Amino acid sequence: MKNRTLILSALLAGAFGTVHAAEDLSAKVEKLVASSFKPGEGQDMSRLVQDETQKLCSKYRNNPPAKDADALNKRERATIKYPDGNKLMGDWKNGEKLAKGGFGMRIGAIEPDPTAKQKGGNGGNCYACHALDPKEVAAGNIGPSLTGYGALRGASDDIVTYTYDKLYNAQATVACSSMPRMGHNGILTPQQVADITAYLVSPESPLNQK
Amino acid sequence: MKRNLTVKGMAALALALAAPVAMGEVSVEEYRAMLADKDANPGFLVIDQGEVLYKTKRGPKNASLEKCDFGLGPGKLKGAYAQLPRYFKDTKRVQDIESRLLTCTVTLQGFDEAEIKKKTFADQRYNETNTDIEMLAAYVAYQSNGMRINPPLKHPAEKEARKVGEAYFWNRHGPMDFSCATCHAEDGKRVRLQNLVNVYNKKDIQATMSTWPTYRVSHGVARNMQHRMWDCHWQMRTPDIEFGSPATTALISFLTHQAKGGTYDLPGMKR
């Protein structure tokens with residue numbers, strides 16, 4: 001699957017690479033952003049500053065040339081941090097709560113999320129894009145269904161590490177993935193990433209029940 | 001504009017309003033069918049309010065908005081929204097309906113732009129009624145009901161707005177790494193149960209753009225495209241994007257051109 005994506009993006013880059021080169025609108029977009037948000041109370045202008053990965057994915061509309069995609073994967077992989085004690089299987093019950101939550105990090109002067117309400121941390125927003133617990137019907141479909149994730153894959157160390165890494169930084173494996181870099185971007189802490197890992201992998205998790 | 005809300009319509013409206021809290025009893029399809037009932041659309045009340053506001057002398061200059069030029073000449077409202085966004089010589093920029101309304105309230109009525117920008121949207125958390133600019137946009141847009149979406153693309157600034165608007169559509173930023181394209185560039189996608197428009201699917205984007213401004217049942221007010229742009233950015237966890245800013249206007253230019261040829265069916269009614 002990954003290879004196919006790489007070949008496809010290489011083909012696309014070959015076919016449309018010149019178009020991108022001729023029409024790099026990055027500088028114009030940067031100017032547009034600079035003139036459309038104003039600093040002030042409740043705003044955080046640093047969120048508009050793109051890192052190298054966001055810049056590349058924007059420029060190539062999520063189809064970067066293969067060479068750039070490899071460099072991106074390596075760079076993002078290097079960001080992954082593990083919880084103290086390196087225990088990547090956390091508490092699936094807390095993982096379930098985090099997966100269901102969608103609250104947190106909305107800012108601005110109009111309708112910011114009150115930090116007082118954020119006792120358990122930010123929501124993981126998983127259901128916005130993924131099906132998880134088969135009993136929850138209100139699941140989005142931007143990402144693949146994760147129902148039965150652990151039942152299908154088992155709970156080997158390799159699967160646990162792969163899952164943790166994917167949650168912490170999805171772009172370590174898939175360049176310009178739609179999925180937010182949950183750990184790297186500070187939406188979830190390493191411990192919370194471990195908790196959601198357990199929610200996905202653990203045989204006791206409702207997600208893995210028939 | 002005169003339009004009576006029928007008894008049948010009011011009953012459907014009551015159901016539609018109750019639906020979000022009783023979702024288990026009403027299927028999503030039935031809920032959507034109720035939203036499509038034109039006679040039950042409270043947006044018509046907002047349009048009426050907008051008309052009164054539009055014709056009332058207000059502001060430091062004690063003037064109405066009746067001489068506002070939306071591109072077809074001062075006071076020519078019929079079909080004007082169908083040909084927005086467009087380049088305006090007086091402001092030397094591309095403007096959509098809301099940014100143009102802002103210009104007219106400043107130049108004709110003498111209102112302070114910064115003051116208006118402090119409160120452009122009604123806050124649904126406090127059951128607020130629509131702001132002036134929301135009512136005005138609903139009224140002016142309705143004067144293009146039934147007409148084809150046909151924004152001009154002659155002036156270099158119009159071409160530029162469309163092109164840069166599309167590039168911005170793919171711009172990923174913020175802690176979620178999202179761009180507009182994350183949710184709106186493929187068919188059949190949903191966030192939770194909310195269907196998402198694919199702006200590269202002609203029918204899809206026409207159905208969306210032809211029904212804004214729209215009455216939003218969950219907000220209890222009429223909303224305009226500038227609000228939709230702010231709302232998406234808020235969900236993406238960026239700072240507040242400015243009302244009538246170059247970025248929102250460029251985005252709306254791109255979206256409107258994607259929907260070209262669709263027929264305005266106003267006011268819309270959505271969740």
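Our subject is the structure listed above.
What you are looking at is a predicted structure, and each value in this text was computed from that prediction instead of being measured.

S.K.: How should helix α11 (residues 246-258) of chain B be read in this particular structure?
M.R.: Helical geometry note: an α-helix holds 3.6 residues per turn, so side chains three or four residues apart project in the same direction. All names here are of chain B. Counted at 1.5 Å a residue, the expected span for α11 with its 13 residues is 18 Å, and the 18 Å between its end C-alpha atoms agrees. The element α11 is extensively covered by neighbouring structure, given that 12 of its 13 residues are classed as buried. Buried residues of α11: Ala247, Thr248, Thr249, Ala250, Leu251, Ile252, Ser253, Phe254, Leu255, Thr256, His257 and Gln258, and no others.

S.K.: What exactly am I supposed to notice about empty space enclosed by the protein here?
M.R.: Where empty space is left in the structure can be found by rolling a water-sized probe over the atoms. Residue and element names in this part refer to chain B. This model, assessed by the stated rule, comprises 2 cavities of 30 Å³ or more. Forming the walls of the largest cavity are 13 residues, and the residues nearest its centre are Tyr81, Ile97, Met225, Ile252 and Thr256. Every element with two or more residues in the lining of the largest cavity is listed here: α4 (97-107) and α11. Of the residues that constitute the lining of the largest cavity, the class distribution is 9 nonpolar, 2 polar and 2 charged. For the second largest cavity, the calculated volume is near 40 Å³. Lining the second largest cavity, in full, are Pro85, Arg86, Val94, Pro151, Pro152, Glu158, Ala161, Ser253 and His257. If you list the elements that add at least two residues to the lining of the second largest cavity, you get α7 (156-169) and α11.

S.K.: What exactly am I supposed to notice about unusual backbone geometry here?
M.R.: Apart from glycine, the bulk of residues carry a negative phi angle, and the bulk of peptide bonds sit in the trans form. Residue Pro213(B) follows Trp212(B) across a cis peptide bond; omega there is 0 degrees. The topology assignment puts Pro213(B) in the loop between α9 (202-209) and β5 (214-216). With an omega dihedral of -10 degrees, the bond running from Leu266(B) to Pro267(B) counts as a cis peptide bond. Looking at the secondary structure, you find Pro267(B) in the loop between α11 and β7 (268-270). Phi is positive for Met105(A), close to 80 degrees, though the residue is something other than glycine.

About the criteria used
Counting of residues starts from 1 at the beginning of each chain's written sequence and follows it residue by residue. Chains carry letters and ligands carry numbers; both start at the beginning, A for chains and 1 for ligands, and go up in the order they are written. Given that this is a predicted model, residues contribute local features only at a pLDDT of at least 70 and side-chain atom pairs are listed and counted only at 80 or more, while totals for whole chains, interfaces and linings are drawn from all residues. Computation of side-chain values covers all heavy atoms of the structure but excludes hydrogens and water. Only DSSP runs of H or I with at least four residues qualify as helices, and only runs of E with at least two residues qualify as strands; both kinds are numbered from the N terminus onward. What a helix is expected to span follows from its residue count: subtract one and scale by 1.5 Å. Exposure is judged per residue with a 1.4 Å probe applied to protein chains only, and the accessible area is read against the type maximum: over 50% gives exposed, under 20% gives buried, and values in between give partly exposed. Put simply, the grid is 1 Å and covers the protein atoms alone, a cavity is a trapped set of points that fit a 1.4 Å probe, a pocket is an open set with protein on both sides within 12 Å along at least five of seven lines, and lining residues have an atom within 4 Å of a point. Grid points are joined across faces, edges and corners, and a volume is the space filled by probe spheres set on the points. Each residue is assigned to one class: nonpolar for Ala, Val, Leu, Ile, Met, Phe, Trp, Tyr, Cys and Pro, charged for Asp, Glu, Lys and Arg, and polar for all the others, Gly among them.

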